[in-house]
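Reading the structure
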Amino acid sequence: MEFVGLEEDRLHFSWISSAEAVKFADVAKQVAEKVKVLGPNKKFVKRYPTKDTE
Amino acid sequence: MKMISIKKSDWAGAMEKVQKSYRLAGPVKEKKGHTFRELKDGETPDLEYSETRMSVKEVVLPQSEVMFSYSLDENKEGHHILEEVPFDETPRAAVGIRPYDAKAVEILKKNFMTEDYKDPYFERRYENLTLVGMAENNPSPVNFSTSCGTGPFDESCLDIILADAGDSYIGKALTEKGEKFAAAAGFAEGDSGVEAKLAELKEQAEGKIKSKVSFDKIEKMTILDLYEAPFWEEAAFACINCGTCTYACPTCWCFDIQDEVKGKDGVRMRNWDTCMSEVYSVHTTGHDPRHEAWQRTRNRFMHKLKYYLDKYEDGIMCVGCGRCVSQCPVNIDIRKVCQQMNDYEPSK
Amino acid sequence: MDAYTDKIKEISKKILSEGKVDVVIGFRKGTLGYMSEPYMAKSEKEAENLVFDCNCRMNLVNYVTNRKDKVGIVVKGCDSRNLVTHIIENKIKREQLYIIGVPCTGLADKKALLDLAEGEITSVEDDNETITIKGDGFEKKVAKSDVLQSNCKTCIKRNPVIFDELAGPEVAELEISDRFADVDEVEKMSADERWNFFGELLSECTRCYACRNACPLCYCPTCFVDESRPQWVGKSDNETDVLTYHFLRAFHDAGRCTDCGACEAACPMDIKMRYFTRKTIKDCVEKYGSEAGMELDKRPALDQYKINDPNEFIK
């Protein structure tokens, strides 16, 4: 994903067991913080044609 | 008919002037060579090109065109009503197209504007468009346009024809639309020598075309004879069924209609389609009359060189531009296939 | 190259007459001087049409997928690796094949030849060292290394990995110092630069799918871009849909791509879509030490699980 130019911090992988509630909360917080820094994603978002596409 | 002569040094100025009242499309030099596309304001169509990979087809039949939009959101005004997409009515001109590409536009018109039915999307683009041709002094080796009832200097489908005469472009305004464009661009009037010079250049250019096809015997054969001819599997073996030939072809007119929806809002659009693709011919039942790859290739050639010929009785559905020949990844050559068809002798 | 052609004809006639194969899939001379056309010879007589030269840019493994008959096939080093993948993925059986291997010194880049030509090209001759471009009123000789397809410059296997017979003596493998220089270049860019780079790269894509259809790895009965129920991706010339197509195709080929270059050679717009597949090759080499299609008993990198697979990306 980062190769085509999406920011690395938008994609996270984590292995969390159903028993690891605290880890889950921590990861979710981290993800949210990192994505907040980046702001709204503008790349790879399809703009739907609403008018003459030329 | 008005003669035109314009110094090359004045060309950019004339195009700048004409852009006040016209939107232009034309050849532009980019990194990989010339492409044909809509021009931005201030861009000049570059007439010093040899060929463009894509043709003028994009201007009258865009690869993707939104037909109408709709919303199912009951909070929005006009919900559940198909809304026409606004169309820019500014006159447009395709500047610097090859004369045989203009013939291709006429072929497209046969499909989209019949006596009974007029496709509104094609029609509005067609009626709005002035075709300013640039004759080709040095046709490419794969060009066989003179065999297809047109040629590098064919005036029949253009509004203006221009030709390169050294340090100036000379030509003629051929129609009313052409005269309007010439006036808007402020093209200087040419002298009486223009006609003779054009004829001379035409003869030279046509003489350079060595590539020929004939279809005189295809006309007399039955569809079934040709359809069942034994050479198709071999002729089409190499075909990988990509859409290169159909998209590059200025006369291939097939399209596919798709809805694109996001939430409750959507548009219906039409996109170029290609008969080379399996999803083109597969029926909703799952049956596919052209399941084998070679059958789809056969269909393309049969359509261009036989079905069209029989239906319209006005030559083949090909203007001999040679784009499919030079762009085909596996070197399937319509000239060779056409010859094969024409030379075929069905056993009685 | 004529020696290769002669040998291919000789082998083909032999295996056709002995009934070892029903057909031989190779190349014949094209109508354009710089092209060779994939061709299927069904008889000794038709085998006379077979040729091999630096214009044989297509990967013939693409033409044997799911065939039921006995097939003779002409393969270069890279193609032979695709044949291995095909056999592993049950697209053809080894017993059905009679493999005519071509020790390959590389293909000539079509665009490079056309740029050098001063008019119509009537023939391109190749003696493994020098390319002679002949045409209407001109003749040019260039070092083969100057007009090689870019994938041939970083080729890791010029000799076929699997074959029944070779069409010539094995050639020396290349010594490559900087195999992924092009991918490294892109990786050095910032995220925004990369995004713009790929946007520009694909801006002329018409979605003709020549790259997909030229690829022996792309054999799905219905490609995800053609599916309409569900519709995974829009079908217009929308830039996001175009990128999605190229991006996902590379993912599907990851760990299987041999960098044969057929996709780029097929592209009518000269788009360098190998940046995507080469990134996947680089990752598979660096992370899993795996090259596609080198051995018949080794499945593609992403088709197997090992306990020591790198997983530092999982936090």
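Above this text is the structure in question.
I will try to describe carefully the structure that is included in this document. (Residues numbered from 1 in each chain as written. Chains lettered and ligands numbered in written order. Predicted model: local features only at pLDDT ≥ 70, side-chain atom pairs only at ≥ 80, totals over all residues. Heavy atoms only, no water.)

Residues and elements named next belong to chain B. Tracing the sequence through the fold places Arg37 in strand β3 (residues 33-38). Classification of Arg37 by relative accessible area gives partly exposed; the value is 21%. The spacing of Arg37 and Ala25 is twelve residues in sequence and 5.3 Å in space, taken between C-alpha atoms. Discounting residues that sit within four places of it in the chain, Arg37 has contacts with Ala25, Gly26, Val28, Glu30 and Glu43. Reaching out from Arg37, the side chain makes a polar contact with the side chain of Glu43 at a distance of 2.9 Å. (Helix = DSSP H or I, 4+ residues; strand = E, 2+ residues; numbered from the N terminus. Buried < 20%, exposed > 50% of the residue type's maximum accessible area, 1.4 Å probe, protein only. Contact = heavy atoms within 4.5 Å. Polar contact = N/O pair within 3.5 Å; in protein donor to acceptor, adjacent residues only side chain to side chain.)

Turning our eyes to something else, we now look at unusual backbone geometry. Residues and elements named next belong to chain C. The amide bond that connects Arg229 to the next residue, Pro230, takes the cis arrangement and shows omega of 0 degrees. Examined against the element boundaries, Pro230 turns out to sit in the loop between α8 (210-213) and α9 (239-253). Phi is positive for Asn66, close to 60 degrees, though the residue is something other than glycine. For Asn66, the location among the structural elements is in the loop between β3 (50-51) and β4 (71-75). Its relative accessible area of 39% is what places Asn66 among the partly exposed residues. One non-glycine residue with positive phi stands out, namely Asn128, at about 75 degrees. Here Asn128 lies in the loop between β6 (121-126) and β7 (130-135).

Let us now look at the interface of chain C and chain B. Taken together, the contact between chain C and chain B spans 41 residues of the former and 37 residues of the latter. Buried surface at the junction of chain C and chain B, both sides included, amounts to about 3,200 Å², of which 52% is carbon and sulfur. Applying the counting criterion to the chain C and chain B interface returns five salt bridges. Among the salt bridges present, the one from C:Glu200 reaches B:Lys31, with a minimum N-O distance of 3.4 Å. Counting across the interface, chain C meets chain B through 15 residue pairs in polar contact (both at pLDDT 80 or more). Counting only elements with at least two residues in the side of chain C that touches chain B, the list comes to β1 (23-29), β2 (36-41), α4 (110-116) and α8 of chain C. No other element matches the five residues that β2(C) contributes to the side of chain C that touches chain B. (Buried area = accessible area lost by both parts, 1.4 Å probe. Salt bridge = Lys/Arg side-chain N within 4 Å of Asp/Glu carboxyl O.)

Glancing now at the sheet that holds strand β8 (residues 138-143) of chain C. Residues and elements named next belong to chain C. Strand order in the open sheet formed by three strands is β6-β7-β8, with antiparallel pairing between adjacent strands. At either end of the open sheet lies a strand with only one pairing partner, and these are β6 and β8. In this sheet, adjacent strand axes meet at a mean angle of 15 degrees when their direction is disregarded. (Pairing = 2+ DSSP bridges. Axes fitted to C-alpha atoms, helices over the stretch in contact; angles between N-to-C directions.)

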